Amino acid sequence: MDFLRNLGDIGLFIHAMIDAIIFPIPALFSQLSLSALSPDRAIWLATIGFVGCLIGTPIGYGIGKASGHLVLTKIMKKKWYDSATALFTKHGEAAILVGAFTPIPFKIFTILSGCMNYPLWKLISYAALGRAVKFYTVGVLFYVYGRAAENMVDSVLTIILLSVGALIGGIWLTVRLIKKRRKQRSEVPAVQGPKDSIDVTAGEE
């Protein structure tokens, strides 16, 4: 952590990238430290972290496709691994969104995506949405309130992330419900009344 912090912007970029791959400490800690030192650059720092995370995401995905189960069983307790796998299997999109902007290690979901052969473009799309919320919330807080944001991050960030999470979760559930109802309607055979057929044969002798 000290080594990465001493590298400044480059250190944050590297931290955000490996946070999506295997590094156990969230990039949020590097972002907080650097933003506290330079609140006027907080938005720029959020962008660096965001881009680094997106670059690391397909790398974590590749590890998942190659040997994800082996890696995850080494860094996770079995019950966590089983729970995360079950959640991802049933609600892939929701699992990624939850992992993207909550304290749950995001690397778990990038690697699981590769294990489960989840579409990479979907992983990157949902990761971009969730990580943008997390990085830029911190960036805006420091940019607006300066170093005073250090005392606000824990409470304000938690409230904002939970609110955004509830909003995104609500939208996602609504979309899924609409799709499910449309599918059910399309599977119901149309009811048709009896058809009267008239066979008219005309001939001349």
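Residues numbered from 1 in each chain as written. Predicted model: local features only at pLDDT ≥ 70, side-chain atom pairs only at ≥ 80, totals over all residues. Heavy atoms only, no water.

Under the annotation held in an unreviewed UniProt entry, the protein carries the name DedA family protein and is attributed to Paenibacillus lautus. Looking at the Sequence similarities (unreviewed entry) heading of the UniProt record, one finds this comment for the protein: "Belongs to the DedA family." (UniProt positions renumbered as here; feature names shortened; annotations may be inferred.)

K.L.:
How should I be thinking about a nonpolar patch on the surface in this particular structure?
P.N.:
A surface patch of nonpolar side chains, amounting to about 490 Å² of accessible area, comprises Ile-43, Val-140, Tyr-143, Val-144 and Tyr-145. Per-element tally for the nonpolar patch: the top contributor is helix H8 (residues 120-145), with 4 residues. With respect to the helices and strands, the residue Val-144 is situated in helix H8. (Patch = residues over 30% accessible without salt bridge, like charges linked within 9 Å, V, L, I, M, F, W, Y side chains within 5 Å. Areas by Shrake-Rupley, 256 points an atom, 1.4 Å probe, with all protein chains shown as cover. Salt bridge = Lys/Arg side-chain N within 4 Å of Asp/Glu carboxyl O. Helix = DSSP H or I, 4+ residues; strand = E, 2+ residues; numbered from the N terminus.)

K.L.:
I tried to follow the UniProt feature "transmembrane region" (unreviewed entry) in the protein on my own but got confused; where do I start?
P.N.:
Listed under "transmembrane region" (unreviewed entry) in the UniProt record, and renumbered for this structure, are residues 12-30, 42-63, 94-116, 123-144 and 156-175. Taken end to end, residues 42-63 is 100% helix and 0% strand, and its first and last C-alpha atoms sit 31 Å apart. Helix and strand shares over residues 123-144 are 100% and 0% respectively, and the end C-alpha atoms of the span are 31 Å apart.

K.L.:
Honestly, the side chain of His-15 in this entry has me stumped. Any pointers?
P.N.:
Note that His-15 resides in helix H2 (residues 9-19). From its side chain, His-15 meets the backbone oxygen of Pro-26 in a polar contact 3.3 Å long. Those residues in contact with His-15 that lie beyond four places of it in its chain are Met-1, Leu-4, Phe-23, Ile-25, Pro-26, Ala-27 and Ser-30. (Polar contact = N/O pair within 3.5 Å; in protein donor to acceptor, adjacent residues only side chain to side chain. Contact = heavy atoms within 4.5 Å.)

K.L.:
For this particular structure, what's the right way to read the nonpolar core?
P.N.:
With 23 residues, the main nonpolar core has Leu-72, Phe-88, Ile-96, Phe-106, Ile-108, Leu-112 and Phe-135 as its most contacted residues. Mapped onto this core, the elements with two or more residues apiece are helix H4 (42-75), helix H5 (78-90), helix H7 (106-115) and H8. Setting aside chain neighbours within four positions, we find Leu-112 in contact with Leu-72, Ala-84, Thr-85 and Phe-88. Counting residues in hydrophobic clusters, the runner-up holds 8 residues, among them Leu-28, Ala-42, Phe-142 and Val-153. (Core = buried A, V, L, I, M, F, W, Y, C linked by side-chain atoms within 4.5 Å. Buried < 20%, exposed > 50% of the residue type's maximum accessible area, 1.4 Å probe, protein only.)

K.L.:
Where do I start with the pattern of salt bridges in this structure?
P.N.:
For side chains of opposite charge, pairing can occur when their charged atoms come near one another. As enumerated under the stated definition, the model contains 2 salt bridges in all. A salt bridge links Asp-9 to Arg-41; its shortest N-O distance comes to 2.4 Å. Residue Asp-9 is found in helix H2, and its partner Arg-41 is found in the loop between helix H3 (28-37) and H4; the two are separated by 32 residues along the sequence. Judged by relative accessible area, Asp-9 falls into the partly exposed class, the value being 24%. In this structure, Arg-131 and Asp-19 form a salt bridge, with 2.9 Å as the shortest nitrogen-oxygen distance. Remark: Asp-19 occurs in helix H2 and Arg-131 occurs in helix H8; sequence separation between them is 112 residues.

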